[in-house]
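Results of the structural survey
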Amino acid sequence: MEHIRTPKVENVRLLERRSGQRKASVGTLYLSATHTIFVENNPETRKETWVLHSMVGSVDRPPTTPTGSQLILRCKDFRVIQLLIQQERDCMDVHTSLTRLSRPEKYSELYCLSFNPNVNKEEREESWGFIDLTADYRRMGVPNNLWVTTAANSEYRVCDTYPSELFVPRSATPAVIVGSSRFRSRGRFPALSYFHQDTLAAVCRCSQPLSGFSGRCQEDEVMLQAVMKSNPGSDYIYVVDTRPKLNAMANRAAGKGYENEDHYTNIKLQFISIENIHVMRSSQQKIIDVGELRSPSMTDFLWGLENSGWLKHIKAVLDAGVFITRAVADEGVSVLVHCSDGWDRTAQACSVASLLLDPYYRTIRGLMVLIEKDWVSFGHKFSHRYAHLDGDPKEVSPVIDQFLECVWQLSEQFPCAFEFNERFLIAIHTHVYSCQYGTFLGNCQKERRSMRLRERSFSVWKQLWRDRAEYTNPLYKAEQSQTQGVLRPNTTSYCFKMWKGLYNHIEKSASPRQSPADYLSAVREESQQLEEELTNHQERIAALTGKPITWEKIDVPRRTSQLQQRHCGPDPPTTYTYPVTSPAQDYHPALGVELANQKARMKDPVLTLPLGSSPQVKGHDPDDLSTCSDLESGVADLSSRSSSGGDDSKDPD
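Residues numbered from 1 in each chain as written. Predicted model: local features only at pLDDT ≥ 70, side-chain atom pairs only at ≥ 80, totals over all residues. Heavy atoms only, no water.

**Topic: the overall build of the protein chain**
Short version of the rule: Each helix is a run of H or I in the DSSP string that is no shorter than four residues. Each strand is a run of E no shorter than two, and both are numbered from the N terminus. We call a residue buried when its accessible area falls under 20% of the maximum for its residue type, exposed when it is over 50%, and partly exposed in between, using a 1.4 Å probe and counting protein chains only. Contact between two residues is taken to exist if any of their heavy atoms lie within 4.5 Å; hydrogens are not considered. Residue-level accessible areas treat just the shown protein chains as cover; the underlying method is Shrake-Rupley with a 1.4 Å probe.
Helix and strand counts for the protein chain come out as 22 helices and 16 strands. The buried share among the 653 residues of the protein chain stands at 50%. The long-range fraction of contacts in the protein chain, counting pairs at least 24 apart against all pairs at least 6 apart in sequence, stands at 70%. Summing over all exposed atoms, the protein chain offers an accessible surface of approximately 31700 Å²; the carbon and sulfur share of this is 50%.

**What about helix α7 (residues 277-291)?**
In plain terms, the rule: The span expected for a helix works out to 1.5 Å for each residue beyond the first. By definition, the arc is the one covered by directions from the helix axis to the C-beta atoms.
For α7, spanning 15 residues, the distance from its first C-alpha to its last is 21 Å, which sits close to the expected 21 Å at 1.5 Å a residue. Considered for burial, the residues of α7 that qualify are Ile277, Met280, Ser283, Gln284, Ile287, Ile288, Val290 and Gly291. Within α7, the buried residues cover an arc of 150° as seen down the axis, which keeps them to one side. The inward-facing, buried residues of α7 abut α8 (298-308), α9 (310-331), α12 (382-385), α13 (399-413) and α19 (500-503).

**Structural notes on the nonpolar core**
Side chains of nonpolar character tend, in soluble globular proteins, to be buried together. Just so we agree on the cut-off: By convention a nonpolar core is built from buried Ala, Val, Leu, Ile, Met, Phe, Trp, Tyr and Cys residues, the set being connected through side-chain atoms within 4.5 Å.
Counting 123 residues, the largest nonpolar core has Leu367, Phe403 and Trp461 as the members making the most contacts within it. In terms of residue count, the dominant contributor to this core is α9 (11 residues). Ignoring sequence-local partners within four residues, the contact set of Leu367 consists of Leu355, Tyr361, Phe403, Phe420, Phe424, Leu425 and Ile428. Core analysis: the next-biggest nonpolar cluster, separate from the first, contains 20 residues, Val12, Leu14, Phe38 and Val56 among them.

**Regarding the pattern of salt bridges**
Threshold: For this analysis, a salt bridge means a side-chain nitrogen from Lys or Arg found within 4 Å of a carboxyl oxygen belonging to Asp or Glu.
Taken as a whole, this structure holds 28 salt bridges when the rule is applied. Glu16 is the salt-bridge partner of Arg79, the closest N and O atoms lying 3.8 Å from each other. Placement of the pair is Arg79 in the loop between β6 (69-75) and β7 (80-85) and Glu16 in strand β1 (residues 8-16), with a sequence separation of 63 residues. Both residues of the pair, Arg79 and Glu16, belong to the buried class.

**Notes on the environment of Leu475**
In this fold, Leu475 is placed in the loop between α18 (468-471) and α19. Residue classification places Leu475 among the buried residues on the basis of a relative accessible area of 13%.

**Brief notes about the packing of aromatic side chains**
Which entries qualify depends on this criterion: For Phe, Tyr and Trp, rings pair up if their centres lie within 6.5 Å, where Trp contributes its six-membered ring, and each pair is then called stacked (planes under 30 degrees apart), edge-to-face (over 60) or tilted (otherwise).
Following the criterion strictly, the structure yields 20 aromatic pairs and no others. On the basis of an interplanar angle of 80° and a centroid distance of 5.4 Å, the ring pair of Tyr162 and Phe189 is categorised as edge-to-face. With Tyr162 in the loop between β8 (147-150) and β9 (166-169) and Phe189 in the loop between α4 (174-182) and β10 (191-195), the pair connects residues that are 27 residues apart, well separated along the chain. Taken individually, Tyr162 and Phe189 each receive the classification buried, so the pair is uniform in this respect. Here the aromatic cluster, defined as three or more aromatic residues joined through ring pairs, consists of Phe382, Tyr386, Tyr433, Phe440 and Trp461.

**Some details on helix α10 (residues 345-357)**
Along its 13 residues, α10 runs 18 Å from first to last C-alpha, staying within 8% of the 18 Å computed at 1.5 Å per residue. The buried fraction of α10 amounts to 13 of the 13 residues, a majority that puts the element mostly inside the structure.

**Looking at the sheet that holds strand β4 (residues 48-52)**
Quick note on the threshold: Two strands qualify as a pair provided DSSP detects at least 2 bridges between them. The axes are straight lines fitted to the C-alpha atoms, using for helices just the contacting stretch, and the angles between their N-to-C directions are given from 0 to 180°.
Overall, antiparallel pairing links the 7 strands, which are arranged β4-β3-β2-β1-β7-β6-β5 in an open sheet. The sheet is open, and its two edges are formed by β4 and β5 (56-60), each paired on a single side. Strand-to-strand twist across the sheet, computed as the mean angle between neighbouring axes with direction ignored, equals 30°. Note: β5 against β6, 4 bridges, orientation antiparallel. Residue pairing across strands places Val56 opposite Cys75, the latter belonging to β6.

**Section: the confidence of the model for the protein chain**
Detailed reading of the predicted coordinates is not advisable wherever pLDDT falls low. So the rule is basically this: What pLDDT expresses is the predictor's confidence in each residue, scored from 0 to 100.
Considering every residue of the protein chain, the mean pLDDT works out to 84; 80% of them sit at 70 or more. Overall, residues 506-514 carries pLDDT values under 50, and its contacts beyond four positions in sequence, including any with other chains, amount to 9 contacts. Here residues 559-653 is a poorly scored stretch, pLDDT under 50, and it has 137 contacts once near neighbours within four places are set aside; other chains count.

**Details of the packing of helix α3 (residues 133-140) against helix α11 (residues 364-377)**
For clarity, the cut-off: An angle below 35 degrees is treated as roughly parallel, one above 145 as roughly antiparallel, one from 65 to 115 as roughly perpendicular, and anything else as oblique. In this scheme the handedness of a crossing depends on how the near helix is turned from the far one: anticlockwise by less than a right angle means left-handed, clockwise means right-handed. Classification used: nonpolar for Ala, Val, Leu, Ile, Met, Phe, Trp, Tyr, Cys and Pro, charged for Asp, Glu, Lys and Arg, polar for all others including Gly.
Closest axis-to-axis distance for the α3/α11 pair is 10 Å, and the angle between their directions is 110°. Looking at the two axes, α3 sits roughly perpendicular to α11. α11 is crossed by α3, and the crossing has left-handed handedness. Taken together, the residues of α11 that come into contact with α3 (itself represented by Leu133, Asp136, Tyr137 and Met140) are Val369, Glu372, Lys373 and Ser377. The residue makeup of the contact of α3 with α11, split by class, is 4 nonpolar, 1 polar and 3 charged.

**Overview of the sheet that holds strand β13 (residues 267-271)**
Overall, mixed pairing links the 5 strands, which are arranged β10-β11-β14-β12-β13 in an open sheet. Each end of this open sheet is capped by a strand with a single partner; those strands are β10 and β13. The mean angle between the axes of side-by-side strands here comes to 25°, regardless of whether they run parallel or antiparallel. Of the strand pairs in this sheet, strand β11 (residues 202-205) and strand β14 (residues 335-338) are connected by 3 bridges, and their pairing is parallel. Looking at the pairing, Cys204 lines up with Leu336 of β14. α9 rests against β11, β12 (237-241), β13 and β14 of the sheet, and its axis sits at about 170° to β12.

**Regarding the environment of Asp392**
What counts, and what does not: Within 3.5 Å is the distance limit for a polar contact, defined as a pair of N or O atoms, with the added protein rule that one can donate a hydrogen and the other accept it, and that residues adjacent in sequence qualify only through two side-chain atoms.
Note that Asp392 resides in the loop between α12 and α13. In this structure Asp392 comes out as partly exposed when scored by relative accessible area, which is 44%. A distance of 3.0 Å separates a polar side-chain atom of Asp392 from the backbone nitrogen of Lys394.

**So, unusual backbone geometry**
Note: most peptide bonds trans; most residues except glycine with negative phi. Looking along the chain, the bond that leaves Val142 and enters Pro143 is cis, with omega of 5°. Following the sequence through the fold, Pro143 ends up in the loop between α3 and β8. In this structure, Arg452 takes a positive phi of about 55° despite not being glycine. The residue Arg452 is located in the loop between α15 (445-451) and α16 (453-456) in this model. A residue is classified by how much of its surface remains accessible, and Arg452, at 44% relative accessible area, is partly exposed.

Below you can see the structure in the form of structure tokens.
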């Protein structure tokens, strides 16, 4: 509270651009230790706007105008809030206070550590125990005769940014592990990220070698040989360097670099060309600027989108995941992934590949496990990358933002394959920045343990699980063919689009429209209510008449003409007309129902109700979505848009 100069300012005007507000609200502004709170003066609504100080990215103060002094709050979830304060002195005090409150200097100032966690001790402990990474490795079939746990890093002695529990090849001795870690940047030696039980291939991760121009390490070479031997079906491994080759070559001058294929005889080196954190930070700022354009022309919008380069970077991350997926699932070859230090681009590539390979990670709980494993546990620098504390702005970069956007792009291509919806991804994005929970605090497991986060804060995963009804995708069905197996997305340029749900502000002149997912959820709920009402009516009729109710199936005349082939591919579908024969045109459903009722009245002992069967497409397999049929999910299946698997030289299947 010592940083708050003015705790309360009256007659403040607020305009929140993202909410589609066209008229400013007048109310009172309050500053607390954790939130900025605006309360409208209107006695009928008394609407409250709460903004966590940790969500404020910047506080700008434009020149004073005759109407008052203005403050612009740019939030990390891309909201833009304008405040108009009558008195300049009050505006200066609020500006100074918010600037300090939004840049905490120590963890104890953050929201999740600002209250007594012992109030709900059992709930806190339950929240941290909700995600069990050991259970996830068991689900993969690890440990086994190929991969085992190692105690080498139990006290973070070998690598202080790695988790204490790691899986390594069975043949890798402690001496080999220690020697390999000394030859890798930050000591991040090769460790298991994902094991594919069908092909026995693995996805491993590490950091760049300290090879320089001619350096080599026998233990590191043995370590990569052990990774290869852990896959009996292959005599080599892929080493995926996610950096542009030019950048990796430049690192050689600093004594780092990449693997020399003359020294590692069992590897095939592949560069992916994902740019560094500084390029990504600049690119995201440009895409944010595009989202803030007010009624842009098509030229301005497309130029801004192209100039940002954002979708090009998203494509590069997704391409890395696709390459790893093909190597593991199709070729049965293990892959070792690294960038520079192995905690940014490496996390992106490994998690995208796991998402494509394993349907479990496409569920609500599975995505939580994936982020906890590949991001939180393996030492992604959350506090540095997302400015949880006041620090070096050059360390800030939207690394996990890009991963979440890759997931969203995949959900657009495969709308039935993901249990969660867009809201779930945006909620995770918000909590990464908000510091409302302790899950994403700190830069590694060792640092979180020293901060005693499990004793002082709550984990976000349990809360998101409680709210899962809000995050469920109505199109998802676990038994659908699209949901199972490996996803093969199309990564050609025209398959990517701007994530307007995250970046683009609502059009000022139009009210927010209901999303298709919301509409489908509402339809599903209404259908369930109608089914329940129908069941109740049946029971009442049976009780009144004393006769059981049965359904009589009415055969609807089948269309005799073959339907033309539905559109399959990423391009917009052409409108087709389906000719039908005259008997189908002459048929009227009401007539069929009346005939059925007459027939039912002639049957004495049982009361029957008509049940019409929906027309079926000839030869259709209900589990086969490759024909783009809409019979299974109620909407056109869009999975076929990505059937080419991202290969520009091949036609879509």
